[in-house]
Each structure stands twice: as C-alpha cells, then as structure tokens.
Amino acid sequence: INCRSIRNSGGREESSRRFIVSRRSSAFTTDNASNIIPVASQRHIDIDRACIIPSIITKCGNSITSIRPEIYVCVVVLGAVLARLRSLRSANRKDGTFQRLNALFAGQTAATTAEFKKFNDDDKWSVYSAVSHPRVVYNYDEARAFTSNTTEGAEKKPFDHGILFLGGFGDAPAYWDRLLPYIKATEDCNDTDRKEKFFCYAPRTPGWGRTDFREARKVSYKEWVLHGREAMAMVSALSSRVTIVAHSTGALVAAAIAEEVNVNRLVFTGSNFLPATRDRGMKKLLLNPLAGGVLTFLKPIIKKRTRNGRPTDTVNVYHHQTGFFLKDFPLNAIRQMWKLQECLSKKWRVEEVVFLMGDEDLSVGPLMEQVEHTSKFIARGTKVHAEKVKNAAHNLCGEGDHALEAIATAITAKTVHAQMLLPLDK
C-alpha cells in the first residue's frame with residue numbers, strides 16, 4: 001500500500017491509499033517508509049485510474065449543460081446545412097431522369113437500344129428530347145388547302161376539333177404517344193358521323209421533360225396554368241371546338257383553364273382533384289408554411305412511393321419495363337400540386353365533363369369522391385359522365401388497348417351521355 005497525504009476542501013489532511021494487487025497472490029506488503037515493495041511478475045489494476053472515468057463523465061455532463069443556447073442553435077443549423085448539402089449531392093447524382101432513359105428504346109431493335117446505352121450522361125440530353133418535344137398531329141395537306149382557299153376575315157377555322165393534351169405529375173409529352181394513333185384512326189374512318197379533322201397538341205409541362213430537376217425544384221403551379229392557357233389559345237385559334245384531355249395533375253391545370261376560357265369538353269383520366277387517402281396527412285404537413293418549407297429545404301428530392309409494389313401505377317406489367325416514369329420526385333413540385341388543388345374556386349365554362357379512372361387506381365382519391373368534390377365547380381345543365389375502366393390503374397395510357405379505346409371514345413364521341421357511376425364504390 002502506498003499511502004500519501006492530500007488536503008481536502010476543509011483543510012484537513014486525509015490519506016489516500018493506492019493498491020497494487022498481485023495476480024499471483026492476494027498478499028501485499030509495505031515498508032515503514034511507505035514505499036511500495038515490488039512483487040515479482042505482478043500485473044495490477046490501478047484503482048485510482050478506474051475512479052477517474054466517472055469523474056470525467058460528470059465533468060463532460062456539466063460542460064454540456066453549461067453550453068450557451070446560441071451554441072445549440074449553431075449546431076442545429078450546421079447539421080441542417082450538412083443534411084441539405086448531402087441531399088443536394090445525392091440529388092445532383094441521381095436527380096434527373098437518366099435512370100429511365102434506357103426504357104425509351106425498349107421494345108425497339110436491339111441495335112438501337114445498344115447504341116443508346118453507349119451515350120454518356122452529358123450526351124443523353126439530346127436523345128431525351130425525343131420524349132420531351134411537344135406532340136403535334138394534324139393533316140397538313142387539308143390545313144394547307146384550307147388556308148389557300150380561305151378569304152381574309154372568314155370565321156371558319158382549319159380544323160373541326162382541336163384536342164389539347166395535358167400530362168400529369170412528372171409526365172413528358174411522350175405519355176400520349178400510344179393514344180394518338182387511336183385519334184388518327186377516327187379521323188381516317190369511313191363513318192361520316194364520327195369523321196372529323198383533328199388538331200392534336202401535347203405541350204411540355206414546365207418542370208418535366210428535362211434530364212434533371214433544376215426547373216422542377218423552382219417551378220410554381222402558376223407556371224403550369226399559364227403555360228396551359230398559352231397552349232389553349234393556340235388550339236382554339238385553329239379549331240372550331242376544343243376538348244382538353246388531362247391526366248392526373250393535368251386535370252387541375254385544365255380546370256384552371258376552364259375557369260377563364262370556354263371549353264367544349266373536358267376529359268379527365270385519373271383526375272387528381274383529391275389526393276389518395278394515404279397521402280392526405282402528408283398534404284397537410286407540406287402545405288404548412290413552416291413545416292413544408294423546412295422539409296423542402298432539407299430534402300429537395302424524395303423517393304417515389306410505390307403502389308402495391310408497382311413502380312408505376314399500371315396493371316400492365318409490360319409498361320413497368322418499357323414505359324417512361326420517374327423514380328424520384330422534387331418535393332417542391334409536390335407542394336405546388338397540392339397548392340393548386342386548393343386554389344380552384346370558380347365555375348367551369350364547359351359543356352361536357354368526362355371522368356375516367358382505372359378500377360385499381362391507388363394514386364389519387366376515389367372516383368365518386370372526386371366527382372362529388374368537383375360538383376361545386378360544374379354549372380347546372382353541364383353533362384357529366386363518370387366511368388371506371390376495368391383492369392386498369394392510374395396511368396391509363398400505359399394500360400392495354402381497352403383503356404386507350406375508352407379514352408379515344410370519350411374524346412371523339414359527338415356527344416356525352418350524362419351518367420353517374422352508382423352506387424358509390426369504396
């Protein structure tokens with residue numbers, strides 16, 4: 001035992017003993033001079049050092065509690081900034097739509113697909129323009145003949161029926177590619193009651209149809225509406241009557257257009273006037289100015305939620321492999337979508353409204369719930385038709401021929417039969 005004197009806080013001397021315990025024997029000795037007698041081959045435990053650990057922990061705890069609140073704030077802000085930088089770094093790495101670009105050429109020749117895969121990301125943007133270019137379909141010869149034979153000031157327009165296609169959330173104009181041949185087939189048919197000269201226009205929605213989300217992270221729902229009105233002005237200038245075909249979030253844009261402009265018919269496919277039941281809590285959170293702003297800052301890009309394990313909401317599994325869709329979404333665009341849902345307030349200036357929705361749609365609110373919700377915007381006397389498409393989900397243009405034929409019929413029919421789908425399907 002090594003004894004030494006220390007002075008306590010009261011000024012009295014107390015002895016502190018330091019033990020060296022031999023592993024070979026429990027015996028220990030000391031001489032009169034209080035010097036340690038070494039024990040051969042001993043391996044010892046320093047009890048004083050063991051007692052230091054709790055004291056260090058106590059001191060650290062006292063130091064933490066004594067930190068000024070300003071330092072806490074700085075630490076939190078620094079953590080938020082680091083999280084933001086990490087999120088942006090991840091966003092810049094996988095932010096765009098390169099992950100689905102290879103699917104654009106799926107189903108084509110193997111040589112074409114292989115050639116496309118050779119492109120670097122820096123070069124793929126030019127190839128990607130094939131998806132993002134606006135779709136314009138019309139009979140050029142008839143339009144040219146009409147223009148040459150029309151005198152100045154004539155009221156008749158070159159096309160009987162103009163169709164404006166508005167894509168949904170994240171959709172590029174290529175979404176409508178599978179539907180356009182069905183419209184063209186109606187134009188070429190021999191049935192004089194159905195035959196019309198069509199002008200089809202599918203513009204690019206701001207924020208979508210680009211190889212990254214830089215535009216979508218800053219887009220406002222007002223840009224969607226203004227862009228849609230510009231497209232509507234062009235179509236209506238060329239066509240005697242106009243139908244707007246709008247998918248999902250595009251239905252919100254179409255409704256906003258119809259608040260200010262006369263439209264002959266609105267055809268909604270998987271309309272998004274109400275979010276899916278499981279998404280409504282998130283909508284309330286994101287529309288909160290404080291919480292929504294913080295979440296958008298910390299996590300600008302989020303992973304897309306799957307529906308029953310489907311990477312895109314279609315029953316057609318082939319579309320999962322060959323169709324174009326996003327796997328990530330910019331949170332700002334989601335906020336803008338839900339803001340636009342709350343901004344509709346006026347009656348629609350429309351004659352006929354058609355609601356089409358797949359019976360397995362999991363991306364938006366139930367069909368009849370949406371019809372009831374929008375009834376306050378539909379004037380008395382407007383023809384309303386609501387129909388569920390069997391064996392189909394949200395993205396009807398990605399489903400089988402039966403879904404495409406249902407959309408084409410709703411567009412090209414001379415008149416809409418007023419019909420409500422009853423009873424209410426839960």
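Details of the structure are given in the entry above.
Residues numbered from 1 in each chain as written. Predicted model: local features only at pLDDT ≥ 70, side-chain atom pairs only at ≥ 80, totals over all residues. Heavy atoms only, no water.

## Considering the packing of aromatic side chains
Point 1. Under the counting rule described, the total for this entry stands at ten aromatic pairs.
Point 2. Taking 5.3 Å as the distance between ring centres and 75° as the angle between the ring planes, the aromatic pair formed by Phe 268 and Phe 273 counts as edge-to-face.
Point 3. An angle of 20° between the planes, with centres 5.7 Å apart, marks the rings of Trp 348 and Phe 377 as stacked. Placement of the pair is Trp 348 in the loop between helix 12 (331-343) and strand 10 (350-358) and Phe 377 in the loop between helix 13 (367-374) and strand 11 (383-389), with a sequence separation of 29 residues.
Point 4. Residue Phe 377 is classed as buried on the basis of its relative accessible area of 5%.
Point 5. Taken together through their ring pairs, the aromatic side chains of Phe 268, Phe 273, Trp 348, Phe 355 and Phe 377 make up a single cluster. (Phe/Tyr/Trp six-rings, centres within 6.5 Å; stacked < 30°, edge-to-face > 60°. Helix = DSSP H or I, 4+ residues; strand = E, 2+ residues; numbered from the N terminus. Buried < 20%, exposed > 50% of the residue type's maximum accessible area, 1.4 Å probe, protein only.)

## So, the pattern of salt bridges
Point 1. In this structure the tally under the stated criterion is nine salt bridges.
Point 2. Between Lys 346 and Glu 260 there is a salt bridge, and its shortest N-O distance comes to 2.7 Å. Here Lys 346, found in the loop between helix 12 and strand 10, pairs with Glu 260, found in the loop between helix 8 (250-258) and strand 7 (263-269); they are 86 residues apart in sequence, far enough to count as distant.
Point 3. Arg 265 is the partner of Glu 352 in a salt bridge, and the nearest nitrogen-oxygen pair spans 2.7 Å. (Salt bridge = Lys/Arg side-chain N within 4 Å of Asp/Glu carboxyl O.)

## Remarks on the side chain of Glu 259
Point 1. Mapped onto the elements of the fold, Glu 259 is located in the loop between helix 8 and strand 7.
Point 2. Of the side chains bearing the opposite charge, Lys 346 lies closest to the buried Glu 259, which forms no salt bridge; the N-O distance is 5.5 Å.
Point 3. Within the structure, Glu 259 has its side chain in polar contact with the backbone nitrogen of Lys 346 (distance 3.1 Å).
Point 4. If we skip the residues at most four places from it in the chain, Glu 259 touches Leu 344, Ser 345, Lys 346, Lys 347, Trp 348 and Arg 349. (Lys, Arg positive; Asp, Glu negative; His and termini not counted. Polar contact = N/O pair within 3.5 Å; in protein donor to acceptor, adjacent residues only side chain to side chain. Contact = heavy atoms within 4.5 Å.)

## Remarks on the nonpolar core
Point 1. Counting residues in hydrophobic clusters, the biggest one holds 57 residues, and the most contacted among them are Trp 224, Ile 244, Leu 266, Phe 268, Phe 273, Trp 348 and Phe 355.
Point 2. Counting residues per element, this core draws most heavily on helix 8, at eight residues.
Point 3. Beyond its immediate sequence surroundings of up to four residues, Phe 268 is in contact with Ala 246, Ala 251, Ala 254, Phe 273, Trp 348, Val 353, Val 354, Phe 355 and Leu 356.
Point 4. Counting residues in each nonpolar core, the second largest holds 25 residues, with Leu 180, Val 389, Leu 396 and Val 416 among its members. (Core = buried A, V, L, I, M, F, W, Y, C linked by side-chain atoms within 4.5 Å.)

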